[in-house]
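Chain by chain, the residues:
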Amino acid sequence: MEMRPVDVISVCSADGDIVPLRLRVEDEQQQKIRIDVEEIVKRTEIPYVGVEATVYLCRATVHGYPWLFELKYSFRTHTWSIRRRK
């Protein structure tokens, strides 16, 4: 699955870390669903010239099923995108 743009609510901590809390994504019927991030499994910074993006491997429960997905925050464009893993 390719990366798709997504709406995200996040928190910026006092030390500058960005933490995703909730996102809104379209399901198969093109309905918007809200997903609460239950756990951030891994956080990876992707450097090019400085830090270009941060990728978060996250867990959530969607319609009673566990989801494992990647959220990517691009610092240059200030956008979030999602890729479902399982």
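Residues numbered from 1 in each chain as written. Predicted model: local features only at pLDDT ≥ 70, side-chain atom pairs only at ≥ 80, totals over all residues. Heavy atoms only, no water.

Go over the pairing of strand β2 (residues 7-12), please, and point to the residues and values.
The sheet contact formed by β2 and strand β3 (residues 18-26) spans six bridges and is antiparallel. In the strand pairing of β3, V11 is matched with V19. Taking the residues between adjacent antiparallel strands as the criterion, β2 and β3 are bridged by five residues, where G16 takes a positive phi near 95°. (Pairing = 2+ DSSP bridges. Helix = DSSP H or I, 4+ residues; strand = E, 2+ residues; numbered from the N terminus.)

Please set out the environment of D36 residue by residue, giving values where relevant.
Relative to the elements of secondary structure, D36 occurs in strand β4 (residues 32-36). With 23 residues separating them along the chain, D36 and R59 place their C-alpha atoms 8.9 Å apart. Apart from residues lying up to four places away in sequence, D36 is in contact with L21, R22, R59 and A60. (Contact = heavy atoms within 4.5 Å.)

Mind laying out the side chain of S81, listing which residues take part and the relevant values?
Along the chain, S81 falls in strand β8 (residues 79-84). For S81, a relative accessible area of 15% translates into the label buried. Beyond its immediate stretch of four places on either side in the chain, S81 contacts M3, R4, P5, V6, E70, L71 and K72. (Buried < 20%, exposed > 50% of the residue type's maximum accessible area, 1.4 Å probe, protein only.)

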